[in-house]
Structure formats: C-alpha cells, structure tokens
Amino acid sequence: MLVKEYRICMPLTTEEYRIGQLYTISKHSHQESDRGEGVEVMENREHYDPVHGSGQYTEKRVHLSRKLPSWARAVVPRMFYICEKAWNYYPYTVTEYTCSFLPKFSIHIETRYSDDCGDNDSTFQQDNAEDAHEVSFVDIAFDEIPERYYKSVEDLRHFMSSRTGRGPLQEGWRQHVRPVMCSYKLVNVKFEVWGLQTRVEHFVHKVIRDLLLVGHRQAFAWVDEWYGMTMEEVREYEKETQAATNEKIGPFAPTITISVEGHSPAIRSAPATPVTGDPPEFLSLPKERTRKTSAPDTLTLPELRDRANGPSSHSPPSNTDS
C-alpha cells in the first residue's frame, strides 16, 4: 500500500471550481468515449450521509480493453473495466476504484477543497508518525505534461479567460493570484501481488499524477464554457452528456436515473477485495483436445510421400477421349 497526498491549486474559488469540475468530468468522459470504450454511467443520484450530509452518489464503469497494448489484450478479458464509485459531499469527496480483472488492486481517494494556496498541512490529520505520507504539489501551468496530452489552447502559460480576465499564469502564480483555491487529495494505491506490488503502486501513482494535472488544466482552460452556470444547469448538462455518452459507447449501457434518495454503499476506509487468490478461468491451462482425424499428420511433396509409402494402389484417371 502506497499513500501520497497531492495538492493542486486553481485560480478559482471553491464554489466556482465545483461547477467547473462537474462540467469538465462530463465533457472529458464524452470526448474519450467510443463504441464499446469509455465511461458508462451506471448510477447518478442524490444521497444522504449522516456524517457529511446531502451529496451525490455516482457509479461508473470505465471500459479500457481496446486502449491496452496488444500484449495485455491477449490475456485480459474483452469486457475488462474499471469500476468507479464516488461520494460527493462537496467540499469533501471520496472516490474508490476497483478492477474487474485484478481483484487485489484498488485505489482510494479522499479529497478536500479549500480557499487557500495549498499551505494547509492539517487537512488530513495524522494519528502517528507511521501514517506520514509524501506531499506533492502539482502546478497546472508549469509542471511537465505528457506529450500526448498537450494542447496549445490548454497551455495555461499563455491562456487568458475572456469571461473572467484571469491568466496567463506566471511562475509562482499560486502565491499572488487571487482568487485561488486548492484541491487536497489523499491517494491510497493498493496492489497485493507479491513481487509486483512496489513497482505497480509507484507506476499507478505516476499515472494518477498525470491525470490530475491534465484534468485540472482543462477545468481552467474550459472556464469560458462553464463560467456562470448554476448548479441546476450543470446537473442538466451532466445528465444530457452522460446519456449521450452511454449511447455512444453501445447498446448495453443502462438508462440513467436520478432519484431523491436511495441506498448506496457506505463509505469504507478502503475498497474491499475478494479473499480468493485463484486465477480467472481464462488463465488456466488449455484442455486436451482430440485431434481432427480428417487432417493429415504431415504435408509432403507427392514424390516423397510415394517413396515413403510405396507404389499407390490407385491408378491415375484415364485421359481417353469420350
């Protein structure tokens, strides 16, 4: 288990970011989805928690099989997906990820949003020294971004919002730009497979950091699209976009329903995993199969076959004129 805390600042207020976050997630999910691939919304409904109050529960399936390298597709089930369960009690949220193919893999993320520049060291209280974790600041303007994600229109060193007048962002911007808010994320990655645990957990954290960087860059780069929307308007946009995304993925996507209250899973300290360690059936050794009797044992040239078996008892067909 590897735990890290990420702090991502934005030139927004927490209330502005709440709208921008919902808009960005919906738009990005729709853009990244294709036939049989992408984000399938299973549930999206209001939920009440006795501790955190009113919120939103969302369950999604992120279908990824065709996005995997060819060697991985050879051993991964065709219906491979990541399950995302999220409890949003803004400004506090909990998100859990599990994998349909790897029962011993899970990601647990706690997030708190605050109107500061990321200098609050007591956001996630630590009971003892053993719970200490690495803190990593993510700069949405100046941190290096993977080349495949880079778009010049989303380069915040040059972007300026026409509706808010904010930007471009200069070096050290989070110390002097106002307004400013910070997304504090405590990320727990668990991969309980001996021999691979450390390498995989570090790799997953690197991927998460890249995705956090890209997602927050887009939230601000798209500010002119969502700025000024009300919560009712962004929820309606979210509902319409999710329906379009499910239709885009394929006919197996269910109809989205949003109810006032329902029974959703309680928030856990970390996602549970099945106790069995047996490999899935498709990874077991292939069964013995009877060889087809119609197929010859070998294929040879006619001369070599005649030499090995002797003269043929069958006469060649006559070629006389009728």
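Residues numbered from 1 in each chain as written. Predicted model: local features only at pLDDT ≥ 70, side-chain atom pairs only at ≥ 80, totals over all residues. Heavy atoms only, no water.

Where an unreviewed UniProt entry is consulted, the chain appears under the name Cytoplasmic phosphatidylinositol transfer protein 1, with the organism given as Xenopus laevis. What UniProt states about the chain under its Sequence similarities (unreviewed entry) heading is, verbatim, "Belongs to the PtdIns transfer protein family. PI transfer class IIB subfamily." (UniProt positions renumbered as here; feature names shortened; annotations may be inferred.)

Draft legend 1. Expanded view of the pattern of salt bridges. Going through the model one piece at a time under the given rule, you end up with 10 salt bridges. The residue lysine 4 makes a salt bridge to glutamate 134 at a minimum N-O spacing of 3.9 Å. With lysine 4 in strand β1 (residues 2–10) and glutamate 134 in strand β7 (residues 134–138), this residue pair connects regions lying 130 residues apart in the sequence. Since its relative accessible area comes to 45%, glutamate 134 is described here as partly exposed. Salt bridges sharing partners connect three or more residues here, namely Glu5, Arg7 and Asp121. (Salt bridge = Lys/Arg side-chain N within 4 Å of Asp/Glu carboxyl O. Helix = DSSP H or I, 4+ residues; strand = E, 2+ residues; numbered from the N terminus. Buried < 20%, exposed > 50% of the residue type's maximum accessible area, 1.4 Å probe, protein only.)

Draft legend 2. Layout of helix α1 (residues 14–32). An ideal rise of 1.5 Å per residue puts 27 Å on 19 residues; α1 measures up with 26 Å between its terminal C-alpha atoms. Every buried residue belonging to α1 is among Thr14, Glu16, Tyr17, Ile19, Gly20, Gln21, Leu22, Tyr23, Thr24, Ser26, Lys27 and Ser29, and all of these are buried. (Expected span 1.5 Å × (residues − 1).)

Draft legend 3. Broad picture of the packing of α1 against helix α4 (residues 197–221). At their nearest, the axes of α1 and α4 sit 9 Å apart, and the two run at 110 degrees to each other. Judged by the angle between their axes, α1 and α4 are roughly perpendicular. By crossing handedness, the relation of α1 to α4 is classed as right-handed. Here Tyr17, Thr24 and His28 of α1 lie close against α4, whose contacting residues are Gly215, His216, Gln218 and Ala219. Among the residues forming the contact of α1 with α4, the class breakdown is 2 nonpolar, 5 polar and no charged. (Axes fitted to C-alpha atoms, helices over the stretch in contact; angles between N-to-C directions. Parallel < 35°, antiparallel > 145°, perpendicular 65-115°, else oblique. Left-handed = near helix turned anticlockwise from the far one by under 90°. Contact = heavy atoms within 4.5 Å. Nonpolar A, V, L, I, M, F, W, Y, C, P; charged D, E, K, R; others polar.)

Draft legend 4. Focus on the packing of aromatic side chains. All chains considered together, the criterion is met by 7 aromatic pairs. Geometrically, the ring pair formed by tyrosine 17 and tyrosine 113 is tilted, given 5.4 Å between the ring centres and 45 degrees between the ring planes. Here tyrosine 113 lies in strand β6 (residues 105–114) and tyrosine 17 lies in helix α1, a separation of 96 residues in the sequence. Of the two residues, tyrosine 17 and tyrosine 113, both sit in the buried class. Through a chain of ring-to-ring contacts, three or more aromatic side chains come together here, namely Tyr17, Tyr90 and Tyr113. (Phe/Tyr/Trp six-rings, centres within 6.5 Å; stacked < 30°, edge-to-face > 60°.)

Draft legend 5. Highlighting the side chain of glutamine 218. Relative to the helices and strands, glutamine 218 is located in helix α4. Judged by relative accessible area, glutamine 218 falls into the buried class, the value being 5%. Once residues lying within four places of it in the same chain are set aside, the contact partners of glutamine 218 are Thr24, His28 and Glu154.

Draft legend 6. Highlighting unusual backbone geometry. Residue proline 168 is reached from glycine 167 by a cis peptide bond, and omega for that bond is -10 degrees. Relative to the assigned elements, proline 168 resides in the loop between β7 and α3 (173–176). A cis geometry characterises the amide bond from arginine 178 onward to proline 179, with omega recorded as 5 degrees. With respect to the helices and strands, proline 179 occurs in the loop between α3 and β8 (181–191).

Draft legend 7. Here's a closer look at helix α6 (residues 231–249). Across its 19 residues, α6 extends 26 Å between first and last C-alpha, which sits within 8% of the 27 Å expected from 1.5 Å per residue. When α6 is considered as a whole, its buried residues turn out to be Val234, Glu238, Thr241, Gln242, Thr245, Asn246 and Ile249. Within α6, the buried residues cover an arc of 140 degrees as seen down the axis, which keeps them to one side. Counted as exposed and oriented over 90 degrees from the buried face of α6: Glu232 and Glu247. Those residues of α6 that are buried are in contact with α1 and β2 (38–49). (Arc of directions from axis to C-beta.)

Draft legend 8. Region of the structure containing the environment of glutamine 175. Summarising the element assignment, glutamine 175 is placed in helix α3. Glutamine 175 sits 56 residues away from aspartate 119 along the chain, and the two C-alpha atoms are 9.9 Å apart.

Draft legend 9. Spotlight on the pairing of strand β5 (residues 92–99). Counting buried positions over the 8 residues of β5 gives 6, a clear majority of the element. Where strand β4 (residues 81–89) meets β5, 8 bridges bridge the pair, whose relative direction is antiparallel. In the sheet register, glutamate 84 faces β5, and the bridge partner there is tyrosine 97. Linking two consecutive strands that pair antiparallel, namely β4 and β5, is a turn of 2 residues. Note: β5 against β6, 7 bridges, orientation antiparallel. Across the sheet, tyrosine 97 pairs through a bridge with isoleucine 107, a residue of β6. In this antiparallel pair of consecutive strands, β5 and β6, the connection spans 5 residues. (Pairing = 2+ DSSP bridges.)

Draft legend 10. View of the sheet that holds β7. The 8 strands are arranged β2-β3-β4-β5-β6-β8-β1-β7 in an open sheet whose pairing can be described as mixed. The open sheet terminates on both sides in strands that have one partner only, identified here as β2 and β7. On average, adjacent strands in this sheet sit at an angle of 15 degrees to one another, irrespective of strand direction. Sheet strands in contact with α6 are β2 and β3 (53–63), and its direction is about 145 degrees off that of β2.

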